[in-house]
Amino acid sequence: MTSTFTDLSLLRPTIPSLIPSSFSKFTTHRPLKLRCSLTEDSTTFIPFKLNGEAQSSAGHSATADCVIVGGGISGLCIAQALATKHWDVAPNVIVTEARDRVGGNITTLERDGYLWEEGPNSFQPSDPMLTMVVDSGLKEDLVLGDPNAPRFVLWDGTLRPVPGKPTDLPFFDLMSIGGKLRAGFGALGLRPPPPGHEESVEEFVRRNLGDEVFERLIEPFCSGVYAGDPSKLSMKAAFGKVWNLEQTGGSIFGGTFKTIQERSKNPKPPRDPHLPTPKGQTVGSFRKGLAMLPDAIATRLGSNVKLSWKLSSIIKLENGGYSLTYETPEGLVSLLSKSVVFTVPSHIASTLLHPLSPTAADALSKLYYPPVAAVSISYPKEAIRPERLIDGELKGFGQLHPRSQGVETLGTIYSSSLFPNRAPAGRILLLNYIGGATNPGIVSKTESELVEAVDRDLRKILINPNATDPLVLGVRVWPQAIPQFLIGHFDILDAARDALKEKGLQGLFLGGNFVSGVALGRCVEGAYEVASEVTDFLSQYAYK
């Protein structure tokens, strides 16, 4: 049930404006060469088939090439990637989910003319993400936000636009002239050298780009994407692509220049013509919300997605493969599989893996997931402060709130401005996130208290103080929302993987957002990567 949670990353252009747009994705990953498996005219999908001859083998209900534990977006996309890219190697795949629905934290609701999200809100339309969209049959349902819509950060009581492109840099008032010069010189390499330890996001940014960039851009960005504490988040793990620029080029600018040179020498292959072409820096969703993606994939996988299946035990067999026992509505069921992928949250994986490897389980138990609440409320359009309207409308992606500005809400997404048909005419729909690593106390608040906190914050910034009370559509508290990529994160993952290898647990893989990254798009990109790892293993397995 793994998936990214908050996606205030739709405000991402806050940071990429300081570096070339080609480096606007901060998580590190290897390049993926993907092509759509479905053409624009494709309307059918070949379902997985279980090996009928082994249905009753050794007391097992079925055998599979791969069992994926967790039916969130990561697990489903791994299965889809195996089906579309590696059918010849892994034709028999099963996805199991303990809950009675797929999608993990993706939660789309609809009522009385409103359509809202209570988990992640959107995704970055990268080519791997768009490949998944097309292969799921959702190309015509894709909706993209206006790339020119402004993004805002609260500073000194005012919502200030952030630069969306390099030409905006001299004119935006979120930073002083001195702060801009400090950032520019630091990016060129005029800053203290790297220390001899793994830096936090705060340490890296203050050293390279200065205090203003950190306090007014990066700190609210960390709150929006990770709901995290940048003094504890690892720069290397959380924003590895920018971290790597300094490592490879001696400075952010030097690394950027060097990477551009490398790309010019090794150009990318032609882009798949079946993929949509987004304009500018934007975010995507679907006509009926994000839930359309997991639902579409599950429909295509058909009976190979097993709902309300709770894994109770997993055993490594002496002759290779794994035996998995599930509690299901029909009773206990056992599966035999050549490989297994865990995409459940790390604390659940820790419990399940403890009998196989206490050391791996102990490592995974160290990852931290702070609580976050998603509060969806609506106001009449006339409740918006006149100075916040552009041509009589609330326009923009949304706003982020640095922790230093005396506002409890992490940020607000202008849902009805971002995508079409999200609210009735004359109404404004706002999705607000509150909580995170710096405010875990939200779990002790009632729903009404959370709404009051959000409403109080909005009346300081966006809503007229004398406006009527908001219409409350939904309050969803996620007690363990987003894995934190803290200092030492990669060491924890390496320790878990090494422990699995030491126990001879080849063919058992870790996936999901605590491995790939927390943004929904990174979960999809990570799914393709895990599918390739599974395929490599199964290819070797066939010759044993």
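Scroll up to find the structure.
Please read all numbers here as calculations on a predicted model, not as lab measurements. (Residues numbered from 1 in each chain as written. Predicted model: local features only at pLDDT ≥ 70, side-chain atom pairs only at ≥ 80, totals over all residues. Heavy atoms only, no water.)

### Considerations on the overall build of the protein chain
Inclusion rule: Each helix is a run of H or I in the DSSP string that is no shorter than four residues. Each strand is a run of E no shorter than two, and both are numbered from the N terminus. Throughout, exposure labels follow a simple rule: accessible area from a 1.4 Å probe, protein chains only, divided by the maximum for the residue type, with under 20% read as buried, over 50% as exposed, and the rest as partly exposed. In short, Shrake-Rupley with a 1.4 Å probe defines the accessible areas, and a residue's cover is counted only from the protein chains shown.
For the protein chain, the helix and strand inventory stands at 16 helices and 18 strands. For the protein chain, buried positions account for 58% of its 544 residues. Of the roughly 21800 Å² of accessible surface on the protein chain, 53% is carried by carbon and sulfur atoms.

### Regarding the nonpolar core
The test is simple: The criterion is simple. A nonpolar core is a set of buried Ala, Val, Leu, Ile, Met, Phe, Trp, Tyr and Cys residues joined through side-chain atoms within 4.5 Å.
Of all hydrophobic cores here, the largest spans 47 residues; its most connected members are Val-201, Val-205, Val-213, Ile-218, Tyr-226 and Phe-239. At 7 residues, helix H5 (residues 211-225) tops the list of elements feeding residues into this core. Core analysis: the second largest hydrophobic core is formed by 45 residues, Ala-81, Val-134, Ala-296 and Ala-531 among them.

### Let's talk about the environment of Gly-302
By the secondary structure assignment, Gly-302 is in the loop between helix H9 (292-301) and strand S9 (305-307). Using a relative accessible area of 35% as the deciding quantity, one classes Gly-302 as partly exposed. Put simply, Gly-302 and Ile-94 are 208 residues apart on the chain and 9.9 Å apart in space, counted from C-alpha to C-alpha.

### A few points about the sheet that holds strand S13 (residues 372-380)
Definition in use: For two strands to pair, DSSP has to find at least two bridges joining them. Only C-alpha atoms enter the line fits that serve as axes; for helices the fit covers just the stretch in contact. Angles between N-to-C directions range over 0 to 180 degrees. Note on contacts: a residue pair is in contact if any heavy atoms of the two residues lie within 4.5 Å.
Taken in spatial order, the 7 strands make up an open sheet running S7-S6-S14-S15-S16-S13-S17, and their pairing is mixed. The open sheet has two edge strands with one neighbour each: strand S7 (158-161) and strand S17 (471-478). Averaged over all pairs of adjacent strands, the angle between their axes in this sheet comes to 25°, without regard to strand direction. With 5 bridges connecting them, strand S15 (residues 409-414) and strand S16 (residues 427-435) associate as antiparallel partners. Within S16, the position partnered with Ile-413 by the bridge is Leu-431. Across the sheet, helix H13 (residues 447-461) touches strand S6 (151-155), S7, S13, strand S14 (398-400), S15, S16 and S17, and the angle it forms with S13 is around 60°.

### Quick notes on the environment of Phe-152
Structurally, Phe-152 can be placed in strand S6. Among all residues touching Phe-152, those that are not within four sequence positions of it are Leu-159, Arg-160, Pro-161, Arg-388, Lys-395, Gly-398, Gln-399, Leu-400 and Tyr-414.

### Some words on a nonpolar patch on the surface
The criterion, for reference: Exposure above 30% relative accessible area and no salt bridge define the residues that can form patches, which grow by joining like charges within 9 Å and nonpolar side chains of Val, Leu, Ile, Met, Phe, Trp and Tyr within 5 Å. Here, a salt bridge means any Lys or Arg side-chain nitrogen found within 4 Å of an Asp or Glu carboxyl oxygen.
On the surface, Ile-177, Leu-181, Phe-185, Leu-188, Leu-190, Phe-253 and Phe-257 cluster together into a nonpolar patch covering about 780 Å² of accessible area. Taken together, the elements giving at least two residues each to the nonpolar patch come down to helix H3 (177-188) and helix H8 (252-265). With respect to the element layout, Phe-185 can be found in helix H3.

### Things to note about a negative patch on the surface
For clarity, the threshold we go by: Charge assignment in this entry is limited to Lys and Arg as positive and Asp and Glu as negative, and neither His nor the chain termini are counted. For charged residues, the charge sits on one atom: NZ in Lys, CZ in Arg, CG in Asp, CD in Glu.
Residues Asp-491, Asp-494, Asp-498 and Glu-502 make up a contiguous surface patch of negative charge. If you trace the backbone, Glu-502 turns up in helix H14 (residues 489-502). Taking relative accessible area as the criterion, Glu-502 reaches 70% and is therefore assigned exposed.

### Regarding the pattern of salt bridges
Applying the stated criterion across every chain, the model contains 25 salt bridges. The residue Asp-362 makes a salt bridge to Lys-366 at a minimum N-O spacing of 3.9 Å. We classify Lys-366 as exposed; its relative accessible area is 55%. Across the salt bridge formed by Arg-522 and Glu-529, the nearest N and O atoms sit 3.6 Å from each other. For the pair shown, Arg-522 and Glu-529 are each scored as buried. If you follow the salt bridges from partner to partner, you end up with Arg-191, Glu-199, Arg-207 and Glu-246 in one network.

### As for helix H2 (residues 127-135)
Taking burial as the measure, the 9 residues of H2 include 8 buried ones, the bulk of the element. Within H2 the residues assigned to the buried category are Pro-128, Met-129, Leu-130, Thr-131, Met-132, Val-133, Val-134 and Asp-135. Just past H2, the residue Gly-137 takes up positive phi, approximately 80°.

### Things to note about the pairing of strand S2 (residues 93-97)
Put simply, side chains in a regular strand alternate between the two faces of the sheet. Our working definition: Crossovers are marked right-handed if the path from the first strand over the helix to the second runs clockwise, as seen with the strands pointing away from the viewer.
Burial within S2 is extensive, with 5 of its 5 residues counted as buried. Residues Val-93, Val-95 and Glu-97 of S2 are buried on one face, and the alternating residues Ile-94 and Thr-96, pointing to the opposite face, are buried as well. Of the pairings in the sheet, the one linking strand S1 (residues 62-69) to S2 comprises 4 bridges and is parallel in character. In the strand pairing of S2, Cys-66 is matched with Val-93. The β-α-β motif built from S1, the intervening helix H1 (residues 73-85) and the parallel element S2 has right-handed crossover chirality. Note that S2 and S9 share 3 bridges and pair parallel.

### Some remarks on the packing of aromatic side chains
Both the distance between ring centres and the angle between the ring planes are used here to describe each pair of aromatic rings. Filter applied, for reference: Note on aromatic pairs: the rings of Phe, Tyr and Trp (six-membered ring only in Trp) are paired at centre separations within 6.5 Å, and the planes decide the class, stacked below 30 degrees, edge-to-face beyond 60, tilted for the rest. Should the NZ of a Lys or the CZ of an Arg lie within 6 Å of a ring centre and within 35 degrees of the ring normal, that charge is described as sitting over the ring.
Counted by the stated rule, this structure contains 6 aromatic pairs. Each ring, one from Phe-509 and one from Phe-537, has its centre 6.1 Å from the other, and the planes form 75°; the classification is edge-to-face. Note that Phe-509 is positioned in strand S18 (residues 508-510) and Phe-537 in helix H16 (residues 520-541), a separation of 28 residues in sequence. As far as burial versus exposure is concerned, Phe-509 and Phe-537 are alike and both buried. Cluster of aromatic residues (ring-pair linked, three or more members): Phe-221, Tyr-226, Phe-239 and Phe-485. The ring of Phe-152 has Arg-388 lying over it, and the distance from NZ or CZ to the ring centre is 4.7 Å.

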